[in-house]
Amino acid sequence: MTERTRVSIQGEIDLATHEAFEAQVSERLQEGPVLLDLSGVSFMDSTGIRVLDNLLRNGADLKVARELQPQVQQVLEITGLIDTLPWADD
Amino acid sequence: VSFEGTFSAAAAGIKEIRSEVVAVARLCGLDEKRVGEVALAVSEAATNAIVHGYRGDPGLIHVSATRANGELTVLVTDEGLGMGPRLDSPGLGLGLPIIAKLTQRFDVISRGSGTRIHMVFDCPVCSEEG
């Protein structure tokens, strides 16, 4: 099983914060595989979706923890990303 | 219950816009799932104003939220350049499709003098209070 660094994100991801979110995850990905923990994210809009989509398109070695707050789960469902994210328990 | 306010078209202000409209949505009696949907739609509309209306330049965003006749109506209006495609859009162009999915109905009026996004959410518990 691949050893992954857990990256825990807190707060809200929107136009104001999505770049910091992307930078934080990208930085850790340079050091190795990442387990992305979004359970502390209370809100995400399409800017966060774009960050996740970009990371995956660029071949990031990333898994996402299943624990999500309801609004984040909802935006992933609406955009269909819920079906393509690499989940940690898959 | 209603809210009306004007905000700087700055990314850092979107959270406050969401917060004000969410407060009205809660007063309407919407459950937390629906409140989350309103927050998401409003966030997309405000982002649209900043990214497409003002293209990062300073400006104002006018926001109103009103409940009447079983509906919560939210208007997000800017005085920018009108909507236009941007290859570097930070939201993949998902904003309006997301709004379409979350609202009972919505429309966009976009001119050279600005854009107005008009969103209507079902709010059954509002109906008796008008």
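In this text, all values refer to a predicted model and were calculated from it rather than measured experimentally. (Residues numbered from 1 in each chain as written. Chains lettered and ligands numbered in written order. Predicted model: local features only at pLDDT ≥ 70, side-chain atom pairs only at ≥ 80, totals over all residues. Heavy atoms only, no water.)

A. Expanded view of the pattern of salt bridges. Going through the model one piece at a time under the given rule, you end up with twelve salt bridges over all chains. Among the ionic pairs, A:D61 bridges to A:R4, the shortest N-O distance being 2.9 Å. On the criterion of sequence distance, the pair formed by A:D61 in the loop between helix 2 (46-57) and strand 3 (62-64) and A:R4 in the segment before strand 1 (5-13) is long-range, its members being 57 residues apart. A residue is classified by how much of its surface remains accessible, and A:R4, at 23% relative accessible area, is partly exposed. Salt-bridge contacts for A:R6 lead to A:D37; the nearest nitrogen and oxygen are separated by 2.8 Å. A residue pair is termed long-range when its members are at least 10 positions apart, and A:R6 in strand 1 and A:D37 in strand 2 (residues 34-44) qualify at 31 residues. A relative accessible area of 47% means that A:R6 is categorised as partly exposed. Each member of the salt-bridge network shares a partner with another, and the members are A:E12, A:D14 and B:R18. (Salt bridge = Lys/Arg side-chain N within 4 Å of Asp/Glu carboxyl O. Helix = DSSP H or I, 4+ residues; strand = E, 2+ residues; numbered from the N terminus. Buried < 20%, exposed > 50% of the residue type's maximum accessible area, 1.4 Å probe, protein only.)

B. Here's a closer look at the nonpolar core. Counting residues in hydrophobic clusters, the biggest one holds 64 residues, and the most contacted among them are A:L36, A:L76, B:L72 and B:M119. No other element matches the eleven residues that helix 2 (residues 32-53) of chain B contributes to this core. Setting aside chain neighbours within four positions, we find A:L76 in contact with A:I49, A:L52, A:L68, A:L81, A:I82, A:L85 and A:W87. (Core = buried A, V, L, I, M, F, W, Y, C linked by side-chain atoms within 4.5 Å. Contact = heavy atoms within 4.5 Å.)

C. Expanded view of unusual backbone geometry. Residue and element names in this part refer to chain B. One non-glycine residue, R55, lies in the positive phi region at around 50°. In this structure, R55 sits in the loop between helix 2 and strand 2 (60-68). Phi is positive for N69, which is not a glycine, with a value near 50°. Among the structural elements, N69 can be located in the loop between strand 2 and strand 3 (71-78).

D. Broad picture of the packing of aromatic side chains. Per the stated rule, a full pass over the model turns up one aromatic pair over all chains. Sitting over the face of the ring of A:F43, B:R18 holds its NZ or CZ atom 3.9 Å from the ring centroid. (Phe/Tyr/Trp six-rings, centres within 6.5 Å; stacked < 30°, edge-to-face > 60°. Lys NZ or Arg CZ within 6 Å of the ring centre and 35° of its normal.)

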